[in-house]
Amino acid sequence: MSSETDQPSKNLSPLNKPYFLSMQQRLEQLTHAPVDTLVLTTTDLERFKCSQCGVCCALPWNIHISKDYYDQWYHHFHQDPSGRFQRPFEQRQNPSQDDFADMRRQDNSFRCIFLEPDNRCYIHINYGEDALPSVCRTYPRMTLRHGSHYGADYLLGSCQSAPGLIAEHNQVYYYFEPPSGDTPLPIHYPNNLFPGELGRNENYLWVSLVLDVLSLDINTPLQRLGSLIHSLEYIALKTPEKITQAQLKLLYREQMQRSNQLNLEIAPENVQKKALEWFFQLMEPSFTPLLDHARRIYLEQAPWPSLAEEERLLLNQFLHAFLLRKVLAMPNKNPFYGEISFFQKFFLLSLHLLMVQMTADYYRSRTQSPLSIKQLSQAVNLIDGRYSQRCDWVQKQRINTLSPEDSLALMQTALSLNLGMMQAL
Ligand code: SF4
């Protein structure tokens, strides 16, 4: 983390609050250059430096490679005299040009076949960084583009070097980018909602509306996210019509008024306990000490988590920064989740918040020390690293089968466990 760049390399301009109104002005600029992409970003991305810890090379997610990479390197590694890298890539069932195959793992492990015992990468050491597959070169820096429809650069929290940086950088920036000629990725429209597409401007305005709500300086990040259910319900009701800019402008005013006026109470004990029950189901049984910690709380054998004021402040600042990146990423179709709807995505985000909080509370109790950035970072690493790219987990939890109405109702429950405001039950 030592080689931070003080000056961003791109020509970034701050997107000022209120984001929605600033965005309306930026969209005016886009009407003069209709093929450019307006890219939203934060400067943590520019400051990130890979520590080559190797952790991300041993997580249970797919390390995908393109057909070009496969063609260039498969036989080279397969025929390596050491015999260590035979069949180095496994072709996917439904291969595409960009997601053609996955890195093979070492036997009985999630460790990439090229990960050495000292956690260094064989390819990186022997052939240099440029020889790495694109995902290994860029992770956790995400640069997602949908032609001129939407662009966002952001840092994924699943890398252990990322959450600390994320917590420090909350200003949203933008820049304009000319068309690249690459095939645009599919944008994640609220499926089952719009028969056509959410237009480019509507998409940017929606993201800006969410950013404004999340950036209000009242209530906690979880409450602000919860207040968005109002807009989400409006969108669900509009199905299957297209949402227009005029409707979004009205919705923005209504949502801001509503979010500003909300004076949310702590959720009833039975609702919070329901959220805690979910936590048991969401986490894999192998996380025994973490689950035991939550069970003791549930069974009232341990006190309900109660943070001191400084801890709550820290938690809320951290979760605000965490949510901000998630919102920038929202319009993108997560390549790992398969089919997951717009509303299911918001519910999933609420579940991640529940899991991050309870995991951070476990680290806090284990060390008997006040909640710290380090504990929060560890929690995000665990949850984002373990669960943010797992289609099988989403399916097992049946998140992908929920209706919009159910997703939004359940989102309320997931957000009820809010350590940023919570006093002892
Ligand atoms: S190829 Fe190297 S950088 Fe990529 S996952 Fe494997 S060990 Fe890690």
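Computed from a prediction, not measured in an experiment: that's the story for all the values here.

1. Structural notes on the pairing of strand β7 (residues 151-155)
Next, step 1: Burial analysis of β7 places five of its five residues in the buried class, which makes it a mostly covered element.
Next, step 2: Residues Gly151, Asp153 and Leu155 line one face of β7 and the alternating positions Ala152 and Tyr154 line the opposite face, and both faces are buried.
Next, step 3: By the bridge criterion, three bridges tie strand β2 (residues 37-41) to β7 in an arrangement that is parallel. Pairing of Val39 across the sheet is with Gly151, part of β7.

2. A closer look at the site of the ligand
Next, step 1: Around the ligand, the surrounding shell consists of Cys57, Ile63, Met103, Cys112, Phe114, Leu115, Cys121, Ile123, Leu132 and Cys136.
Next, step 2: Of the residues that constitute the shell around the ligand, the class distribution is ten nonpolar, no polar and no charged.

3. Let's talk about the packing of aromatic side chains
Each aromatic ring pair is characterised by the separation of its centres together with the angle its planes make.
Next, step 1: Summed over all chains, the structure comprises 27 aromatic pairs.
Next, step 2: Note on Tyr150 and Tyr204: the rings are 5.3 Å apart at their centroids and 40 degrees apart in plane angle, and the pair reads as tilted. Pair noted here: Tyr150 is in the loop between β6 (141-145) and β7 and Tyr204 is in helix α7 (residues 200-214), with a separation of 54 residues, a long-range link.
Next, step 3: What makes Tyr204 buried here is its relative accessible area of 0%.
Next, step 4: Their ring planes at 90 degrees and their centres at 5.6 Å tell us that Phe280 and Tyr298 sit as a pair that is edge-to-face. You can see Phe280 sitting in helix α11 (residues 269-282) and its partner Tyr298 sitting in helix α12 (residues 288-298), a full 18 residues away along the chain.

4. Thoughts on the environment of Asp217
Next, step 1: By the element assignment, Asp217 lies in the loop between α7 and α8 (221-227).
Next, step 2: Sequence separation of Asp217 and Asn260 is 43 residues, and the distance between their C-alpha atoms is 9.0 Å.

5. Examining the sheet that holds β2
Next, step 1: Overall, mixed pairing links the five strands, which are arranged β1-β8-β2-β7-β6 in an open sheet. Here the strands that pair on one side only, and so sit at the sheet edges, are β1 (13-14) and β6.
Next, step 2: In this structure, β2 lies alongside strand β8 (residues 173-177), joined through five bridges in antiparallel fashion. Bridge pairing in β8 places Leu40 opposite Tyr174.
Next, step 3: Sheet contacts for helix α1 (residues 19-32): β2 and β8; angle to β8, the most-contacted strand, approximately 10 degrees.

6. What to know about the environment of Lys396
Next, step 1: Topologically, Lys396 is positioned in helix α16 (residues 391-396).
Next, step 2: Residue Lys396 is classed as exposed on the basis of its relative accessible area of 63%.
Next, step 3: Separated by 114 residues in sequence, Lys396 and Leu282 place their C-alpha atoms 9.4 Å apart.

7. With respect to the side chain of His320
Next, step 1: Along the chain, His320 falls in helix α13 (residues 309-329).
Next, step 2: For His320, a relative accessible area of 15% translates into the label buried.

8. Observations regarding the pattern of salt bridges
Next, step 1: Applying the stated criterion across every chain, the model contains 13 salt bridges.
Next, step 2: Here Arg92 makes a salt bridge to Asp99, at a shortest N to O gap of 3.8 Å.
Next, step 3: Here the salt bridges do not stand alone but share partners, grouping Arg92, Asp99 and Asp102 into one network.

9. Description of the sheet that holds strand β3 (residues 64-65)
Next, step 1: If you walk across this open sheet you meet the three strands as β3-β5-β4, and the pairing is antiparallel. Both outer strands of the open sheet, β3 and β4 (89-91), are each paired with one neighbouring strand and no more.
Next, step 2: In the sheet, β3 pairs with strand β5 (residues 101-103) via two bridges, with the strands oriented antiparallel. Its bridge partner being in β5, His64 is matched across the sheet by Asp102.
Next, step 3: Set on the sheet, helix α3 (residues 67-78) makes contact with β3, β4 and β5; between it and β4 the angle comes to about 130 degrees.

Thresholds, definitions, all that
Residues numbered from 1 in each chain as written. Predicted model: local features only at pLDDT ≥ 70, side-chain atom pairs only at ≥ 80, totals over all residues. Heavy atoms only, no water. Buried < 20%, exposed > 50% of the residue type's maximum accessible area, 1.4 Å probe, protein only. Helix = DSSP H or I, 4+ residues; strand = E, 2+ residues; numbered from the N terminus. Pairing = 2+ DSSP bridges. Near = heavy atom within 4 Å. Nonpolar A, V, L, I, M, F, W, Y, C, P; charged D, E, K, R; others polar. Phe/Tyr/Trp six-rings, centres within 6.5 Å; stacked < 30°, edge-to-face > 60°. Contact = heavy atoms within 4.5 Å. Axes fitted to C-alpha atoms, helices over the stretch in contact; angles between N-to-C directions. Salt bridge = Lys/Arg side-chain N within 4 Å of Asp/Glu carboxyl O.

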